[in-house]
Each structure stands twice: as structure tokens, then as C-alpha cells.
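# Observations on the three-dimensional arrangement
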Amino acid sequence: MIKIIGIDFTKKCRELRHGIIFNVTKIILCGTKYLGFKHYSCSECDHGKSVAFSCKGRFCSRCGKKQTDQWITKATNILPKTRWQHITFTMPDSLWPIFWFNRNLFGLISAIAAGIIKEIAAKKKLVVGIFTALHTFGRDLKRNVHIHLSVTCGGIDSKGNWHKLFFPAEPVKKMWRHRILELFRSEYASSNLKLPPVYQNDNDFNKWMSGLYEISWYVYFQKPSDNHKRNIEYLGRYIKRPPISEARIEEYDGKQVTFKFLDHYNNTIDRITMPVMRFIASLIMHIPDRYFRMIRYYGFLSNRTRGMQLPIVYKAINQIVPKKIKIISWRFMIWMSSKKDPLSCHNCNQRMNLRQVYYGLSPPLLLMKSNELLSTPR
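Residues numbered from 1 in each chain as written. Predicted model: local features only at pLDDT ≥ 70, side-chain atom pairs only at ≥ 80, totals over all residues. Heavy atoms only, no water.

## Considerations on the overall build of the protein chain
Within the protein chain, the secondary structure is distributed over 13 helices and 13 strands. Principal-axis analysis of the C-alpha atoms gives the protein chain an extent of 70 × 55 × 40 Å. A total of 378 residues make up the protein chain; the buried ones form 46% of that total. Once local pairs closer than 6 in sequence are excluded, the contacts in the protein chain between residues at least 24 apart make up 70%. Accessible surface for the protein chain amounts to roughly 20,900 Å². Of this, 53% is attributable to carbon and sulfur atoms. Distance from the positive charge centre (61 side chains) to the negative charge centre (26 side chains) of the protein chain: 9 Å. (Helix = DSSP H or I, 4+ residues; strand = E, 2+ residues; numbered from the N terminus. Buried < 20%, exposed > 50% of the residue type's maximum accessible area, 1.4 Å probe, protein only. Contact = heavy atoms within 4.5 Å. Areas by Shrake-Rupley, 256 points an atom, 1.4 Å probe, with all protein chains shown as cover. Lys, Arg positive; Asp, Glu negative; His and termini not counted. Charge placed at Lys NZ, Arg CZ, Asp CG, Glu CD.)

## Side note on the sheet that holds strand β1 (residues 36-41)
Strands belonging to one sheet form pairs held by backbone hydrogen bonds; the direction of such a pair is parallel or antiparallel. Across the sheet, 3 strands lie side by side as β2-β1-β13; this open sheet has antiparallel pairing. A single partner strand is all that each edge strand has here, and the edge strands are β2 (48-52) and β13 (353-359). Direction aside, neighbouring strands of the sheet carry axes that sit 20 degrees apart on average. (Pairing = 2+ DSSP bridges. Axes fitted to C-alpha atoms, helices over the stretch in contact; angles between N-to-C directions.)

## Section: the nonpolar core
By size, the foremost hydrophobic cluster in this structure holds 49 residues, and its most contacted members are Phe-89, Met-91, Ile-109 and Trp-176. The biggest single contributor to this core is helix α5 (residues 106-123), with 9 residues. In this structure Phe-89 touches Ala-113, Ile-117, His-146, Ile-147, Leu-149, Val-172, Trp-176, Tyr-218 and Val-219, once residues within four positions along its chain are discounted. Membership of the second largest hydrophobic core comes to 27 residues, among which are Ile-27, Cys-55, Phe-59 and Phe-259. (Core = buried A, V, L, I, M, F, W, Y, C linked by side-chain atoms within 4.5 Å.)

## Side note on the sheet that holds strand β9 (residues 249-252)
Reading across the sheet, the 3 strands line up as β9-β10-β11 and stay open at both edges, with antiparallel pairing between neighbours. Each end of this open sheet is capped by a strand with a single partner; those strands are β9 and β11 (268-275). If you compare each strand with its neighbour and ignore which way they point, the axes differ by 20 degrees on average. As paired strands, β9 and strand β10 (residues 256-263) are joined by 3 bridges and run antiparallel to one another. Residue Ile-249 lies in a different strand from β10, and its bridge partner there is Phe-259.

## Things to note about the packing of helix α6 (residues 169-189) against helix α7 (residues 202-214)
Orientation of α6 relative to α7, taken along the N-to-C sense of each, is 170 degrees, at an axis distance of 10 Å. In terms of their interaxial angle, α6 and α7 are classed as roughly antiparallel. Here α6 contributes Arg-177, His-178, Leu-181, Phe-184, Arg-185 and Tyr-188 to the contact with α7, which in turn contributes Asp-202, Phe-205, Asn-206, Met-209, Ser-210, Leu-212 and Tyr-213. Of the residues belonging to the contact of α6 with α7, the class tally is 7 nonpolar, 3 polar and 3 charged. (Parallel < 35°, antiparallel > 145°, perpendicular 65-115°, else oblique. Nonpolar A, V, L, I, M, F, W, Y, C, P; charged D, E, K, R; others polar.)

## Some thoughts on the environment of Glu-170
Along the chain, Glu-170 turns up in helix α6. Residues Glu-170 and Tyr-34, spaced 136 residues apart in sequence, show a C-alpha to C-alpha distance of 53 Å.

## Some thoughts on the pattern of salt bridges
For the structure on display, the rule yields 7 salt bridges. In this structure, Asp-289 and Arg-17 form a salt bridge, with 2.5 Å as the shortest nitrogen-oxygen distance. Residue Asp-289 is found in the loop between α9 (276-284) and β12 (295-299), and its partner Arg-17 is found in the loop between α1 (2-12) and α2 (18-28); the two are separated by 272 residues along the sequence. With relative accessibility at 23%, the residue Arg-17 sits in the partly exposed group. For the salt bridge of Glu-250 with Arg-271, the shortest nitrogen-to-oxygen distance reads 2.6 Å. Of this pair, Glu-250 sits in strand β9 while Arg-271 sits in strand β11; the two residues are 21 residues apart in sequence, bridging distant segments of the chain. Each of the salt bridges in this network shares a partner with another, and the network as a whole consists of Arg-17, Arg-103 and Asp-289. (Salt bridge = Lys/Arg side-chain N within 4 Å of Asp/Glu carboxyl O.)

## Here we look at the confidence of the model for the protein chain
When pLDDT is averaged across the protein chain, the result is 87; 93% of the residues are at 70 or more. Averaged over each element, pLDDT in the protein chain is lowest for α1 (48) and highest for α5 (97). A low-confidence stretch, residues 1-7 (pLDDT under 50), is modelled with 20 contacts involving residues beyond four sequence positions or located in other chains. (pLDDT = per-residue confidence, 0-100.)

Here it is, written out as C-alpha cells:
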């Protein structure tokens, strides 16, 4: 359904970010010859079949689910099996729209949240493990910029010993508020901040910032958990999935879309109906730019130091160094769900062998030919 209404939207909207055009084009062409495919054939009866490549897009409801499952499997294997705490850093809603005019800010706020936790740990001369996920939407698809952060409730010292650590809520809240507002002030002072006309006057901007400083910012501290897998699965829901699953779309009549969502304020299921073009616009505004990293690692989990520090952490918490696991193949995933081997010849039950690989269009060519491809029957 999302593919159908997505085609119509891309035809009508010409001035879109390349990240949007690229992702939507890949999603619509997911599982087609344009992205490439592998051809298998049976050596006994010469029966053949082609298996098209998926788009591997985070915005794709099918591929996003697969990538999330793979990330959870890999993270469960690698991350230290110790006590973790989940912290959600939010900000006032008046700041949310500004990020869409200043997309560079998306790449800065994860480091700010992680920096606060690292600073608290550093005062105890400890290094903790942190990973964050940027979240830009609420369940109703509205803009809602916040950071999901998971941190170990302990860290290693310079001698490789493990020590428990507590993160005080009130100091963290104040530090988060101060540093986000300082980021906005700094960007404004450097003339790098694009703002609505109402805030472009110095006095109005300073008054706005001062007003935000006077209110309490909500930072949610989830109760620390020793359940390693549960913590990873909880955050895994926010990692690579699209803003809405197709299961939540209840009705589409060609003009309007109705979808459901859980309202956290009263814990009930609510529904929204909106014009289809507005629905698609609400979805695609959350597509990140190409190569943007929604998940980031810090402390002893940072990509630069984890190879050296993770073995020290495993030793400190008496955990056996995990073996590397293989990514689950598409063939195994299909077998798990259907108990049938997709590469078994349906004529003679022999295993089909790979004969040829056809590579799809390159990303630049996909962008250049997006309008042509989306209007071609498949």
C-alpha cells in the first residue's frame, strides 16, 4: 500500500531531498530487477528461478524489520551482559521544527546526550559503554525529536576493574537543557541557524531561549535492568524501523489514509484520518539523509576503541568473549518461517545452484532515472 501511494507522491513532488528520492525509489523498486538479482538453476532438470535483491532501506517496512532483527541478534551477542539503564532525552516541542530547517543539528545532539553521561562517569574516573538512537517522530507521525540512550550501570577504571555507577536524574536534566540551548545560541551567534521570522530578531531569540531555560525539561530514566536481551530488544524497536508499520494502516480509499496509534497520555488506541499526500509527507520527512548514522556508540563501545577495551570489559565482568556470529541469510529466514528451502527445485527437489549475479542500477543512476523508473509498469 505504501508503495502505491508513494509512486503518486513522487510524481507530484519534484523538489525533494536526494535522501528522500533515493530511499522512496529503492522502496518502491524493492524486490524488482532494477536493484539486481541472483539466478539459480537446477543441475538435474535445468529448472531455474531468480531471486531479486531487497532495497535494504530503513524506511522499508520489510527490510527495516529484517535489519532490526539482525541488529538485535548482533548486539545481544556483543554488548556486555551487565546491568543497563535506558534514558530518554526529550526537549520542548517549540524546538522540534527547527531541526528540519537545520538538519546538521540532528548529527550533534546524540553526542551531547552521550557527553553528559561520559562526563559523570569521568568524574569517577570510569569509562562506560553507551549507544544512542536518534528518534524524530511520535506514534502519531508528528515531529518529536528525542534521543534514546542506553548505558552500562558501571564502568572500567584505568586498571581494568569494574565499578558500579549511578546517574543522578536532576543534574543530567539540567546539563541536557543547558547544552542544547547553548548549541542553539552558538549556531545563532555564528549565523548558521535558520529560524522562522518571529525569532530572527536578537531580542526575540534571546527571550525565547531564556523562556526555555526557565522550564523543566523531561528526561526519563527507566529502571536499571539486569535483563540484557530485554534492554536491547526495547531499544531495537527504535533503531531501524520505519515511522509506521503497514499493520497500523487500517484504511486507504485512494484519497485518505486512516491509521491507529497508542496514545500514551490515556493509554488508549486512537485513530487519525488524513489526506494521502499529507500522510506520505508526514512519513518521508523522517527519512534521514544518505549515510547519516541514526545509531551511535560511545565510551568503550565506540568504534575507535571497542576492539581494545571490550575484551577488558568482558574480563572485568567475568564474561566469556563472544564468538562472531554470521548474519542470518535470506534463505534461512524463509526456511524458519515456512519450513521450506527456497532453493529446492520444485520439480526434482534437488538443490539449485547459483549461476549468475545481475547487479542493479547504481545509486547515482537510480536518482537520475527515478521519475522514469517509478512510472514504468513492473
